[in-house]
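Structural overview for review
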Amino acid sequence: MGAVAVFVLFFVISDTFRSADAITTVLYASSTIGIMAVGVSLLMIGGEFDLSAGVGVITSALAAGMFAFQFSTNVWVGVAFALAVSLTIGYINGLLVIKTKLPSFLITLSMFMMLQGLNLAVTRAVTGSVSTQSISNMDGFSSAQSVFATSFTLGPVSVRITVLWWIVFVALATWVLLRSRVGNWIYAAGGNADAARAVGVPVNYTKIGLFMTVGFMAWFVGMHQLFRFNTVQSGEGVGMELLYIAACVIGGCALMGGWGTAVGAAIGAFIFGMAKMGIVYAGWNADLFMFFIGATLLLATLLNLWVRLRTARR
Amino acid sequence: MSDNSPSSPLVELAGVGKNFGNIIALSDVSFAVRPAEVSCILGDNGAGKSTLIKIVSGLHQHTAGSYRVDGEPVKFTSPRDALDRGIATVYQDLALVPLMPVWRNFFLGSELTRGVWPFRQIRAEEMRDTADAELKAMGIEVPDINQPVNTLSGGQRQVLAIARAIHFGARVLILDEPTAALGVKQAGVVLKYISSAREAGLGVILISHNPHHAYMVGDHFTILKQGTVDLSAPRSELGLDELTHYMAGGAELETLQHELRSMDPPDVGAVHELSESR
């Protein structure tokens with residue numbers, strides 16, 4: 001509903017927004033947030049946060065780029081290395097949250113800061129600058145690019161492949177949530193972890209798995225950035241983690257877990273994409289993007305609260 | 001099911017103790033539950049009731065004594081182990097997930113699936129129908145099996161949890177304060193299910209601090225006090241008055257009464273004068 005409102009708003013205001021090209025651009029902007037939001041929404045439904053998700057994307061991209069360049073391997077080796085790094089980060093996050101029983105907010109905030117520091121320090125130590133060397137002329141680059149960062153034409157327009165992946169991941173996550181045992185466990189782990197444990201749900205494995213899913217998504221988006229731009233800036237990614245969480249909340253995920261959908265998170269991400277591009281197309285000051293996002297988040301939260309109060313009264 | 005003659009206990013604890021570090025939560029507790037028997041465990045807050053059921057249900061491990069299921073000594077490492085032996089617990093907080101639909105709660109942790117991994121999926125329709133049928137059999141009419149559990153009344157939730165445990169092959173049902181948060185009518189509904197569970201041949205361990213509720217359904221009563229057994233008696237040797245009396249403090253209360261009698265009754269006036277004369 002919110003998505004329709006935002007769409008109509010920009011549709012009316014801006015001519016450019018109405019073109020097919022603009023829509024694919026909006027979809028692309030949504031997809032990079034949306035792919036991450038899939039992982040983050042699953043984790044939130046499972047009752048946890050991951051603040052390290054934003055810089056985790058960059059960590060993964062840096063790991064792949066530098067590994068492949070320094071060891072002169074096929075880039076796919078770097079890609080595999082980055083996957084291992086991302087999954088390990090997710091695993092460590094999950095393990096720490098489970099073992100210490102501390103709020104995941106604190107654990108992943110620590111991870112966020114540590115990764116942010118490591119991204120900068122390791123990149124400078126290895127390459128001597130703030131970004132990785134271009135890997136565009138290395139073995140396997142074009143095949144990796146065709147997986148992570150190509151475009152294809154659909155009728156009159158060119159669509160980036162991340163849009164396709166986004167749809168695939170949302171569909172997959174929705175299937176898992178509604179039609180698999182694990183989906184039941186995710187809702188239960190976030191809704192009432194003690195109850196879930198008491199009836200034999202492996203809550204700890206479920207949560208660690210969710211953190212690793214976020215790691216996987218971070219790897220995927222990281223690879224997209226690497227193969228789209230050939231190099232990676234080590235300081236990027238900061239602040240993105242909150243954008244992912246905001247997209248999930250706008251899409252109806254409960255902050256305390258146990259409630260939400262992957263499709264909702266996708267709609268949240270789509271609103272972001274429309275806002276980001278719509279502001280540009282409408283000729284407004286692009287600096288207003290964050291203001292717009294903040295206002296949307298506030299509105300969505302108030303709307304959720306209102307709906308909840310209404311249903312509770314009934 | 002194993003060959004249980006009416007007298008052989010399903011679950012038997014002998015001299016069981018539990019320490020948390022150097023805090024003694026339970027010591028030398030013995031009790032048993034047989035098929036078609038409701039064994040009540042009563043006690044004040046902090047008497048060790050919760051610790052005891054956590055041992056029986058596999059959440060904690062005992063540190064002394066023996067715990068036998070069907071005569072075999074066991075040491076459970078998780079609630080799953082206990083469930084596999086047919087010991088199911090319905091907790092005070094109900095072990096239900098409030099925001100999840102009734103049928104998903106019913107099958108939580110024991111979902112029916114088909115297909116091979118990674119395409120294995122849940123049999124949603126079948127689970128909906130089964131949950132609906134089971135609840136109807138227990139006499140609960142849920143308007144919509146898809147509605148979240150937090151829309152049910154307290155008594156309905158309690159019975160849902162009990163129905164679930166029975167459906168998944170429980171032989172021993174541990175009920176932790178099933179009537180604590182309920183009104184009289186709702187508590188009645190739950191107590192009726194407890195007695196029908198007994199008629200079905202289940203062993204029921206009923207934890208309560210309400211002697212009236214316990215006496216309505218109980219066959220055997222164990223009262224815990226400060227981690228030890230204060231009283232253990234079958235229904236035939238115990239009246240409700242006695243049980244209530246024990247619950248209210250029992251021997252301690254008698255001592256207090258005795259002390260009070262042996263003292264001169266305090267005269268309020270005299271005390272008043274005394275304090276004035278100072």
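Since the model is a prediction, treat every value here as computed from it, not as a measurement.

Turning our attention to the overall build of chain B. For chain B, the helix and strand inventory stands at 10 helices and 12 strands. When each of the 278 residues of chain B is scored for burial, the buried share is 42%. Across chain B, the fraction of contacts at a sequence separation of at least 24, relative to all contacts at a separation of at least 6, is 68%.

When helices and strands are counted, chain A shows 13 helices and 2 strands. Across its three principal directions, the C-alpha atoms of chain A cover 65 × 55 × 35 Å. For chain A, buried positions account for 50% of its 314 residues. Nonlocal contacts in chain A, meaning residues at least 24 apart in sequence, comprise 77% of its contacts between residues at least 6 apart.

Taken together, the contact between chain A and chain B spans 17 residues of the former and 22 residues of the latter. Breaking the side of chain A that touches chain B down by element, the ones donating at least two residues are helix 8 (181-191) and helix 9 (193-198) of chain A. A total of 5 residues in the side of chain A that touches chain B trace back to one element, the largest contributor, which is helix 8 of chain A. For the side of chain A that touches chain B, the residue count by class is 8 nonpolar, 6 polar and 3 charged.

All names here are of chain B. Residues of chain B with pLDDT of at least 70 account for 89%, and the chain-wide mean is 81. Confidence drops under pLDDT 50 across residues 1-5; counting only partners more than four residues distant or on other chains, this segment forms 4 contacts. Reported for the predicted complex are a pTM of 0.81 and an ipTM of 0.80.

Next up on the list: the packing of helix 6 (residues 141-148) of chain A against helix 10 (residues 203-229) of chain A. Residue and element names in this part refer to chain A. In the contact formed by helix 6 and helix 10, the axes pass within 9 Å of each other and the chain directions differ by 125 degrees. Relative to helix 10, the element helix 6 is oriented oblique. As for how helix 6 packs across helix 10, the hand of that crossing is left-handed. Residue-level contacts link Ala144, Gln145 and Phe148 of helix 6 to Met223, His224 and Phe227 of helix 10. The class makeup of the residues in the contact of helix 6 with helix 10 is 4 nonpolar, 2 polar and no charged.

To continue, consider the environment of Val40 of chain A. Residue and element names in this part refer to chain A. Considering the arrangement of structural elements, one finds Val40 in helix 2 (residues 20-45). In the structure, Val40 is positioned 104 residues away from Ala144 in sequence and 25 Å away in space, judged by C-alpha atoms. When neighbours within four sequence positions are excluded, Val40 is seen to be in contact with Asp50, Ala53, Val214, Tyr244, Ile245 and Cys248.

Relative to the helices and strands, Asn45 of chain B is located in the loop between strand 3 (37-43) and helix 1 (49-56). Owing to 7 C-beta atoms within 10 Å, Asn45 of chain B belongs among the exposed residues under this scheme.

For the rest of this paragraph, the subject is helix 5 (residues 104-127) of chain A. Residue and element names in this part refer to chain A. Compared with an ideal rise of 1.5 Å per residue, which puts 24 residues at 34 Å, helix 5 spans 33 Å between its outermost C-alpha atoms and is within 8% of the ideal. Buried within helix 5 we find Ser104, Ile107, Thr108, Met111, Phe112, Leu115, Asn119 and Thr123. The secondary structure elements touched by the buried residues of helix 5 are helix 3 (53-70), helix 4 (75-100) and helix 11 (240-250). Note on helix 5: the residue one or two positions beyond its end, Gly128, has a positive phi of about 80 degrees.

All names here are of chain B. Strand order in the open sheet formed by 6 strands is 6-9-10-3-11-12, and the pairing between neighbours is mixed. Because the sheet does not close on itself, it has two edges, and the strands there are strand 6 (87-90) and strand 12 (228-234). Going across the sheet, the axis of each strand differs from the next one's by a mean of 15 degrees, ignoring polarity. Strand direction decides the pairing type here: strand 3 and strand 11 (residues 220-225), joined by 5 bridges, are parallel. If you follow Gly43 over to strand 11, its bridge partner there is Leu224.

Counting buried positions over the 11 residues of helix 8 of chain A gives 10, a clear majority of the element. Among the residues making up helix 8 of chain A, those that are buried are Val182, Gly183, Asn184, Trp185, Ile186, Tyr187, Ala188, Ala189, Gly190 and Gly191 of chain A. Packed against the buried residues of helix 8 of chain A are helix 2, helix 7 (161-179), helix 9 and helix 10 of chain A together with helix 3 (102-106) of chain B.

The next thing to look at is the environment of Gly227 of chain B. Residue and element names in this part refer to chain B. Mapping Gly227 onto the fold places it in the loop between strand 11 and strand 12. Judged by local crowding, Gly227 falls into the buried class, with 21 C-beta atoms found within 10 Å. When the C-alpha atoms of Gly227 and Met216 are compared, they prove to be 25 Å apart, with 11 residues separating the residues in sequence. Those residues in contact with Gly227, other than ones at most four positions away along the chain, are Ile24, Ala25, Leu26, Ser27 and Gly48.

The next point concerns the sheet that holds strand 2 (residues 23-33) of chain B. Residues and elements named next belong to chain B. Spatially, 4 strands are ordered 2-1-4-5 in an open sheet, and the strand pairing comes out antiparallel. The strands lining the two open edges of the sheet, one partner per strand, are strand 2 and strand 5 (72-73). Bridge analysis of strand 1 (residues 11-20) against strand 2 gives 7 bridges, and the strand direction is antiparallel. Bridge assignment links Val16 to a residue of strand 2, and that residue is Val29.

All names here are of chain B. The sheet contact formed by strand 11 and strand 12 spans 6 bridges and is antiparallel. Each bridged residue has a counterpart across the sheet, and for Lys225 the counterpart in strand 12 is Thr228. The antiparallel pairing of strand 11 with strand 12 creates a hairpin that spans 2 residues between the two strands, and Gln226 there sits at a positive phi of about 45 degrees.

Analysis parameters
- Residues numbered from 1 in each chain as written.
- Chains lettered and ligands numbered in written order.
- Predicted model: local features only at pLDDT ≥ 70, side-chain atom pairs only at ≥ 80, totals over all residues.
- Helix = DSSP H or I, 4+ residues; strand = E, 2+ residues; numbered from the N terminus.
- Buried ≥ 20, exposed ≤ 12 C-beta atoms within 10 Å, placed from the backbone.
- Contact = placed C-beta atoms within 7 Å.
- Nonpolar A, V, L, I, M, F, W, Y, C, P; charged D, E, K, R; others polar.
- pLDDT = per-residue confidence, 0-100.
- Axes fitted to C-alpha atoms, helices over the stretch in contact; angles between N-to-C directions.
- Parallel < 35°, antiparallel > 145°, perpendicular 65-115°, else oblique.
- Left-handed = near helix turned anticlockwise from the far one by under 90°.
- Expected span 1.5 Å × (residues − 1).
- Pairing = 2+ DSSP bridges.

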